[in-house]
Amino acid sequence: MSYPYQIKSYDEYKEVYKKSIQDPEGFWGDIAKNFAWRKKWDKVLEWNFSEPNVKWFQGGKLNITENCLDRHLEKLGDKPAIIWEPNNPEDHSRTITYKQLYNKVCQFANVLKNNGVKKGDRVCIYMGMIPELAIAVLACARIGAIHSVIFGGFSAQSIADRLQDAKAEFIVTCDGAFRGAKDIPLKSVIDDALIACPFVKKVIVYTRTRTPISMIKGRDVWWEDEILKVESQGDQTCDAEEMDAEDMLFILYTSGSTGKPKGVVHTCAGYMIYTTYTFVNVFQYKPGEIHFCTADIGWITGHSYIVYGPLSAGATSLMFEGIPTWPDAGRFWDIVDKFRVNILYTAPTAIRSLMGFGLDPLKGKNLSSLRVLGTVGEPINEEAWHWYDEHIGKKKCPIVDTWWQTETGGTMISNLAGITPAKPSFATLPMPGVEPIFVDENGKEIEGNSVGGNLCIKQPWPSIIRTTYGDHERCRTNYFATYPNLYFTGDGALRDENGFYRITGRVDDVLNVSGHRIGTAEVENAINMHSGVVESAVVGYPHDIKGQGIYAYVIYTGHHSDDDLARKDISATVARIIGPIARPDKIQFVKGLPKTRSGKIMRRILRKIAEGELKNLGDTTTLLDPGVVEEIKGGKL
Ligand code: WTA
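Everything quoted here is computed from the prediction, not taken from an experiment. (Residues numbered from 1 in each chain as written. Predicted model: local features only at pLDDT ≥ 70, side-chain atom pairs only at ≥ 80, totals over all residues. Heavy atoms only, no water.)

### A word on the sheet that holds strand β20 (residues 399–402)
As a reminder, the rule being used: Only when DSSP finds a minimum of two bridges between them are two strands counted as paired. Under the scheme used here, helices are H or I runs from DSSP no shorter than 4 residues and strands are E runs no shorter than 2 residues, and both carry numbers assigned from the N terminus. Angular values range over 0 to 180 degrees, each being the angle between N-to-C directions of two axes fitted as lines to C-alpha atoms, with helices fitted over their stretch in contact. Residues are treated as being in contact if the distance between any of their heavy atoms lies within 4.5 Å.
Taking strand neighbours across the sheet as the criterion, the 7 strands line up as β5-β4-β17-β16-β18-β19-β20 in an open arrangement whose pairing is mixed. In the strand order of this sheet, the two ends are held by β5 (94–97) and β20, each with one partner. In this sheet, neighbouring strand axes are inclined to one another by 20° on average, regardless of whether the strands run parallel or antiparallel. In this sheet, strand β17 (residues 316–320) lies alongside strand β4 (residues 80–85) in parallel orientation, the contact comprising 4 bridges. When the sheet's bridge partners are listed, Ile82 is paired in β17 with Ser317. Here helix α11 (residues 300–312) sits on the sheet in contact with β4, β16 (290–293), β17, β18 (343–346) and β19 (372–376), set at roughly 165° to β16. The sheet contacts of helix α14 (residues 382–392) involve β18, β19 and β20, and relative to β19 the element is tilted by about 155°.

Now the structure itself:
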């Protein structure tokens, strides 16, 4: 593979950027020529942000897996597409070449077909980080089924909500997953979810942990048996389904400021082009290099920069099943050393957590293969940035700080490794095709440099969210109605004297806990389901490792005399309703919540108290009962 669209200098970036904004159709039309199409598009872009209605490459026909697999077979067939490192370092790693991956994807695509999956059907994938997860994703795309991957940390209830929302009739899962010292009983969680989802027709189960599981006749089948059936049918290839550029590729649920997660929809062509383009440019990928993105495929980062972006670029993508701290805090560095990793892309929370173990875990680890480092998911603090730079990159590796979202599909603001300047804690400059703009609360543009504001984007890029599944109005009100004719990110940002962007964090009621997005309303709903809870208010507070922690104020009338046990019970309810990732870090029992006379909870005050800032709480005279603030301040955890 060669990448004629790879930007090679800062000057070139400036030139390309200018062209991309002045003539987006010409710009993206040229880039799209580097992909495999069954039929060329008629029109590059048609859009308005009022409905919203965004269509890229209309009339074009393609299949993303032909771009990720078929087109590489001739030249890269024997090159590794996926390298997989298991949870347990004593187990064997696996290397899957492009030819092998192609064969496995075709085989599993046939398994899906044999089990009744058709184009447009929704398939929910709930698996651990094993190559079969990527294979299942690609097999769906091959036959035009819409995948919806759910992260292994979500509960049965969360899965059921998502299955119902997506009306997904098919599930691909594993008996269990290994994560550090834990076995996660995936199939058993699915079984619990399915009590509320009788419409699910088939569950395909891959064997990973050999955990005993129940298999219901007529509904549950083993992955391995189904593969044998396909093998006995002779021809194992599977023609790729011809897809319209704007056909749905996948749904990925993410949290917003309302109680219910939204199914973010991405479509085939625009998503493919943008993830490939950003992968090649941000990391400055060179053919043959090994790219290690430590995210889980259950999140957008894994979709875009473990599976689709790298594979479409013919890269080698390293997938890791485990966690950075098991069996010890040197695990990432062992992996970098073992496979001679060139690009490491991880989250600030992982860096901060590893920083806490000091330098011992780095001893004897050869990290000289590293060329580029990256971060994603939350703002990176300067201390973590410098530790990453000094101790991992040895001051020789550019660090790319990539800002983006589930809804944007790919990186929106980032430096290009070694090409455009880096600045600690700054995502720096927009990608070509991306035009950021700041507005104030009233939607008035904030111009110039050395300013801050609510971050919006002015015109569509190819992988912008198309809709929220089953509820287009929700997409409009969430992203396109706050400020007319702009996409609103929900983030606040600063622009320095040189026009470099620094993302400061969410300005809505969304928390970012260890790089995971969690809505405060979602956590409140879960807490309120606990028996004896009258009301609750959840805010974020600064947490050394997680970035943000979850702080819950709870009015509780349960009859426990043991507050500590009551806190654990509430936490268990949250884990049951949402999943362990949403467990509150702190729960404070209170008699009342600070509310305005119209009944609105004053979160600003609660946030300050959670941050330990008990003075300067601002004006509390508009409160219905200013006395509750004193009570909360004096309360203990
Ligand atoms: C935050 C993850 C600062 C931001 C790809 C955004 C970041 C949310 C960065 C999206 C970054 C992501 N610097 N903040 N480099 N990257 N964020 O949907 O608040 O899981 O809105 O997508 O993470 O999280 P999501």
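After presenting the structure, the write-up continues.
### Focus: the pairing of strand β29 (residues 533–543)
The pairing of β29 with strand β30 (residues 547–556) spans 10 bridges and is antiparallel. What sits directly across from Glu535, in β30, is Ile555. The hairpin formed by β29 and β30 contains 3 residues between the paired strands.

### Topic: the nonpolar core
Note the threshold: In this description, a nonpolar core means a group of buried Ala, Val, Leu, Ile, Met, Phe, Trp, Tyr and Cys residues linked to one another through side-chain atoms lying within 4.5 Å. Only protein chains enter the area calculation, which uses a 1.4 Å probe; residues under 20% of their type maximum are buried, those over 50% are exposed, and those in between are partly exposed. Boundaries between domains were set according to an automatic or database domain assignment.
Ranked by size, the top nonpolar core spans 177 residues in total, and within it Phe57, Phe108 and Tyr308 carry the most contacts. Here this core spans two domains, and each of domain 1 (66–76 + 98–241) and domain 2 (514–634) adds at least three residues to it. Not counting the four nearest positions on each side in its chain, Phe57 is found in contact with Trp28, Gly29, Ala32, Trp37, Trp41, Lys43, Val44, Ala245, Ala269, Gly270 and Ile273. Counting residues in each nonpolar core, the second largest holds 29 residues, with Ala329, Trp333, Ile351 and Ile392 among its members.

### Here we look at the environment of Ala566
Checked against the element boundaries, Ala566 lands in helix α17 (residues 563–577). The exposure class assigned to Ala566 is buried, which follows from its relative accessible area of 0%. When the C-alpha positions of Ala566 and His291 are compared, they lie 45 Å apart, and in sequence the two are 275 residues distant. Apart from residues no more than four positions distant in its own chain, Ala566 is found in contact with Tyr556, His560 and Phe589.

### Some thoughts on the site of the ligand
For clarity, the threshold we go by: Here a residue is near a molecule or strand as soon as one of its heavy atoms is found within 4 Å of it. As used in this structure description, the phrase polar contact means that two N or O atoms lie within 3.5 Å; if the pair is within protein, one of them must be able to donate a hydrogen and the other to accept it, and residues adjacent in sequence are counted only when both atoms belong to side chains. We get accessible surface area from the Shrake-Rupley algorithm with a probe of 1.4 Å; when it comes to residues, only the shown protein chains can shield them.
In the vicinity of the ligand lie 17 residues, with Asp401, Thr402, Thr406, Asp491 and Arg517 positioned nearest. At 2.9 Å, a side-chain N or O of Gln405 approaches an oxygen atom of the ligand. Within the side chain of Asp491, one N or O atom sits 2.5 Å away from an oxygen atom of the ligand. Across the complex, the protein chains shield 96% of the 520 Å² of accessible surface that the ligand would expose by itself. Elements that contribute at least two residues to the shell around the ligand include exactly α11, β20 and β26 (501–506).

### Details of the packing of aromatic side chains
Two descriptors summarise a pair of aromatic rings, namely the distance from one centre to the other and the angle between the planes of the rings. Filter applied, for reference: Only Phe, Tyr and Trp rings are paired, with Trp represented by its six-membered ring, and only when their centres lie within 6.5 Å; those with planes under 30 degrees apart are stacked, over 60 edge-to-face, the remainder tilted. The rule for a charge over a ring is simple: NZ of Lys or CZ of Arg within 6 Å of the ring centre, and within 35 degrees of the ring normal.
In this structure the tally under the stated criterion is 41 aromatic pairs. With a centroid separation of 5.1 Å and an interplanar angle of 85°, the aromatic rings of Tyr305 and Trp404 are classed as edge-to-face. Taken together, the residues span a long stretch of sequence, with Tyr305 in helix α11 and Trp404 in the loop between β20 and β21 (436–439) at a distance of 99 residues. Taking the relative accessible area as the measure of exposure, Tyr305 reaches 0% and is therefore buried. Given a relative accessible area of 10%, Trp404 falls into the buried group. Three or more aromatic residues link up through ring pairs in this structure, and these residues are Tyr3, Tyr5, Phe27, Trp28, Trp37, Trp41, Trp56, Phe57, Tyr274 and Tyr277. Geometry around Trp84 places Arg94 over its ring, the cationic atom sitting 5.8 Å from the centre.

None of this, on its own, says anything about what the molecule does.
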